[in-house]
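Analysis of the macromolecular model
Residue strings, one per chain:
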Amino acid sequence: MSDKYCQGCGARIQSTKSEDFGFVPEHLQDKDELLCQRCFRINHYGRNELGAIAARDALESIQAGTDWASGVCLVADLLDFEASLPAPLLGLLRGKEVVLAANKVDLIPPTTSPKELERWVKDRLDYLGLPITVALVSAANGYGFPNLAELFVKLGQRILFVGVTNVGKSSVLQRLLQMRIGGGQRKGIEPTISPYPGTTVSVSRWSCPGGLILADSPGFVPQGRISDMVTPEQALEVIPHKKLSSHLYPVQTGDAVFIRGLCAIECLASNGHGLLLGFTGSGVKWQKSSSKQTEKWLNGDGQIKEWQEHLVQIQPGEDLSISGLGWVSARKSAYKLRVHLPAGADFSIRPNLIGQKKN
Ligand SMILES: Nc1nc2c(ncn2[C@@H]2O[C@H](COP(=O)(O)OP(=O)(O)OP(=O)(O)O)[C@@H](O)[C@H]2O)c(=O)[nH]1
Ligand SMILES: [Mg+2]
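If you're wondering where the values come from, they're calculated on a predicted model, not measured in any experiment.

With 63 residues, the main nonpolar core has C6, C36, C73, A76, A101, A102 and V137 as its most contacted residues. Top element by residues in this core is strand β1 (residues 71-77). It accounts for five residues. Those residues within four positions of A76 in sequence are excluded, and the remaining contacts are F81, S84, L85, L100, A102, N103, G163 and V167. Of all hydrophobic cores here, the second largest spans 34 residues; its members include L262, V284, L325 and A330.

The antiparallel open sheet is built from five strands, whose spatial order is β7-β10-β14-β13-β16. Every other strand in the sheet has two partners, leaving β7 (244-251) and β16 (347-351) as the edge strands with one partner each. For this sheet the average axis-to-axis angle between neighbouring strands, irrespective of direction, equals 20°. Summarising the sheet, strand β13 (residues 318-322) and strand β14 (residues 326-331) pair through four bridges and their orientation is antiparallel. Looking across to β14, one finds that I322 is bridged to G326.

This paragraph deals with the sheet that holds strand β8 (residues 255-259). Strand pairing within a sheet occurs via backbone hydrogen bonds; the two strands may be parallel or antiparallel. With antiparallel pairing, the five strands of this open sheet are ordered in space as β11-β8-β9-β15-β12. The open sheet has two edge strands, β11 (286-290) and β12 (307-314), and neither has a second partner. Each strand axis lies, on average, 25° off the axis of its neighbour in the sheet, ignoring direction.

Summarising burial for β8: four of the five residues are buried, a large majority. Pairing of β8 with β11 involves five bridges; the strand directions are antiparallel. Among the inter-strand pairings, V257 is bridged to a residue of β11, identified as K288. Alignment of β8 against strand β9 (residues 263-270), held across four bridges, turns out to be antiparallel. Paired with V257 across the two strands is I265, which belongs to β9.

Here we come to helix α4 (residues 114-127). Its 14 residues place the ends of α4 20 Å apart at the C-alpha level, agreeing with the 20 Å of an ideal helix rising 1.5 Å per residue. For α4, the full list of buried residues reads W120, V121 and R124. One side of α4 holds all its buried residues, which, seen down the axis, span an arc of 95°. Away from its buried face by more than 90 degrees, α4 exposes K115, R119 and D126. Two residues or fewer past α4, G129 is found with a positive phi of approximately 70°.

Moving on, we come to the environment of L248. Counting through the fold element by element, L248 comes out in strand β7. Separated by 40 residues in sequence, L248 and K288 place their C-alpha atoms 9.8 Å apart. Discounting residues that sit within four places of it in the chain, L248 has contacts with L275 and L277.

The next point concerns the domain arrangement of the protein. Per the domain assignment, the segments making up the protein are domain 1 (51-222) and domain 2 (238-351). Put simply, the middle of domain 1 and the middle of domain 2, counted by C-alpha atoms, are 30 Å apart. Taken together, the contact pairs nine residues of domain 1 with twelve residues of domain 2. Looking at the side of domain 1 that touches domain 2 residue by residue, the classes come out as four nonpolar, one polar and four charged.

Reading the values: the criteria
Residues numbered from 1 in each chain as written. Chains lettered and ligands numbered in written order. Predicted model: local features only at pLDDT ≥ 70, side-chain atom pairs only at ≥ 80, totals over all residues. Core = buried A, V, L, I, M, F, W, Y, C linked by C-beta atoms within 7 Å. Buried ≥ 20, exposed ≤ 12 C-beta atoms within 10 Å, placed from the backbone. Helix = DSSP H or I, 4+ residues; strand = E, 2+ residues; numbered from the N terminus. Contact = placed C-beta atoms within 7 Å. Pairing = 2+ DSSP bridges. Axes fitted to C-alpha atoms, helices over the stretch in contact; angles between N-to-C directions. Expected span 1.5 Å × (residues − 1). Arc of directions from axis to C-beta. Domains from an automatic or database assignment. Nonpolar A, V, L, I, M, F, W, Y, C, P; charged D, E, K, R; others polar.

Okay, here's the thing in structure tokens:
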């Protein structure tokens with residue numbers, strides 16, 4: 001083991017195991033900044049053959065990173081907001097100055113204005129008892145970054161980017177480096193980004209000329225996200241990357257909507273002709289059928305072996321948000337639902353994210 005680290009993912013550099021984190025052949029190790037073989041392959045071929053870093057190792061790195069940091073930029077995924085704020089991760093940030101970057105705003109349809117979105121995020125944080133300053137951002141198109149950079153003033157000179165896996169921590173950091181935060185152009189190796197959760201392996205730092213140091217950290221692995229219970233290929237379909245897709249169904253008692261092999265939502269009662277709107281990544285296929293078909297749809301591809309049933313009531317203008325999958329929004333009618341989810345999957349009821357809001 002050397003005392004050098006991969007600038008892309010933070011892994012400790014080694015030259016003995018080519019199929020492990022941090023591999024760089026010895027004859028290539030004399031540069032100031034190094035990029036490991038795994039990061040090279042992710043960047044050039046989009047392949048992450050080694051998979052994700054272990055949850056326990058990630059946690060240790062985040063802990064060490066927060067001890068070092070003067071302030072924290074907590075990155076959350078607007079499309080999976082509740083799953084982005086797990087209590088054990090928030091516990092690690094206690095006593096730190098925190099700014100929340102609510103990322104992936106580009107995936108929210110333009111019919112919901114940024115102002116409405118910001119109100120929604122602030123209301124959710126109030127509801128969750130989290131008094132944190134917020135900036136809505138998109139690392140994909142640069143939205144909100146000047147505002148985010150201004151908020152950093154209160155975080156001090158050592159800023160750590162923290163969040164659950166795949167929310168876009170490395171992408172947000174990359175944008176900031178590209179906009180020359182802290183003065184001066186930074187050439188050289190940027191944080192490694194990939195659509196697979198668990199890309200960043202350890203804390204990796206970037207020193208800016210003005211004394212500011214930005215540090216990436218591995219993603220905290222939350223419990224209860226469906227995207228973590230399926231194969232990496234299926235996770236890619238479930239997690240919205242380029243587009244959020246929506247599916248609108250008139251749903252009455254006895255109807256059910258399904259995502260084959262991932263969830264079933266049976267309507268036990270509705271008060272009239274209501275609608276259910278499902279929001280997920282565009283790779284997910286929804287179907288409407290009758291409650292009688294539930295078994296068949298759940299056991300569609302046999303990946304999920306154990307199911308759990310939940311009785312849920314939602315009012316018009318509320319979402320049933322399912323961690324690591326998406327959400328279902330009720331319109332025009334209240335619904336009593338029987339929801340079948342993979343055992344251990346988390347869900348919550350919240351005011352609707354998209355569309356007209358109740359005042
Ligand atoms: N549409 C969209 N995708 C984004 C945005 N930010 C990040 N992504 C995508 O989200 C995926 C994860 O991004 P990363 O920056 O690697 O996420 P991370 O939080 O560093 O992930 P880990 O290191 O695995 O914890 C990649 O496919 C990014 O391209 C955004 O603002 N909009
Ligand atoms: Mg990362």
